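For reference, the chains in residue letters:
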Amino acid sequence: QVQLVESGGGLVQPGGSLRLSCAASGGFLHNYAISWFRQVPGKGREGVLCISKHGDATAFSDSVKGRFTISRDNSKNTVYLQMSNLKPEDTAVYYCAADSLGTIRPRMNYDYWGQGTQVTVSS
């Protein structure tokens, strides 16, 4: 079974940057498509970005285009979410999830989820 662990969250001022990591154990991430999601208490889960097993990337939300970048380092078995020009509305718990089919599709099936890392954007 694959286990995913997110890290890198914290408190940052508006306009600042953070780099989140999604590290895997029990399997190799190069076989999976990895997506980042975020969730605010009382609201539904929102897709952020996805990267396929081949390295193709798609943004799920217009609000993060041009500000967030997803990448993967297969040698470290880790996927990253680089966030810049952060805004208060980016405040959420950020999760990563793995899809074993490895492709980006309109409806994906995620086999594994991390526990999440809190990102708070506030002055």
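Residues numbered from 1 in each chain as written. Predicted model: local features only at pLDDT ≥ 70, side-chain atom pairs only at ≥ 80, totals over all residues. Heavy atoms only, no water.

1. A few points about the sheet that holds strand β1 (residues 3-7)
In step 1: The strand order across the open sheet built from four strands is β1-β3-β8-β7, with neighbouring strands paired in antiparallel fashion. The two strands at the open ends of the sheet, each matched to only one other strand, are β1 and β7 (68-73). Sheet twist, expressed as the mean angle between neighbouring strand axes with direction ignored, is 15°.
In step 2: Taken together, the six bridges between strand β3 (residues 18-25) and strand β8 (residues 78-83) define a ladder with antiparallel strand orientation. By the bridge assignment, Leu18 is partnered in β8 with Met83. (Pairing = 2+ DSSP bridges. Helix = DSSP H or I, 4+ residues; strand = E, 2+ residues; numbered from the N terminus. Axes fitted to C-alpha atoms, helices over the stretch in contact; angles between N-to-C directions.)

2. Re the pairing of strand β4 (residues 33-39)
Two faces make up the sheet, and in a regular strand the side chains alternate between them.
In step 1: Summarising burial for β4: six of the seven residues are buried, a large majority.
In step 2: Across seven bridges, β4 lies against strand β9 (residues 92-99) in antiparallel orientation. Residue pairing for β9: Ile34 is matched across the bridge by Ala98.
In step 3: Pairing between β4 and strand β5 (residues 46-51): five bridges, direction antiparallel. When the bridges of β5 are listed, Ile34 appears paired with Ile51.
In step 4: Two successive antiparallel strands, β4 and β5, enclose a turn made up of six residues, where Gly42 displays a positive phi of approximately 90°. (Buried < 20%, exposed > 50% of the residue type's maximum accessible area, 1.4 Å probe, protein only.)

3. Focus: the side chain of Ser21
In step 1: Here Ser21 is to be found in strand β3.
In step 2: Excluding residues that lie within four positions of it along the chain, Ser21 makes contacts with Val5, Glu6, Ser7, Trp36, Thr78, Val79 and Tyr80. (Contact = heavy atoms within 4.5 Å.)

4. Observations regarding the side chain of Thr117
In step 1: In this structure, Thr117 sits in strand β11 (residues 117-121).
In step 2: Within the structure, the side chain of Thr117 is placed 3.2 Å from the backbone nitrogen of Gly9, a separation counted as a polar contact.
In step 3: When residues no more than four places from it in sequence are discounted, the contact partners of Thr117 are Glu6, Ser7, Gly8, Gly9, Leu20, Ala92, Val93 and Tyr94. (Polar contact = N/O pair within 3.5 Å; in protein donor to acceptor, adjacent residues only side chain to side chain.)

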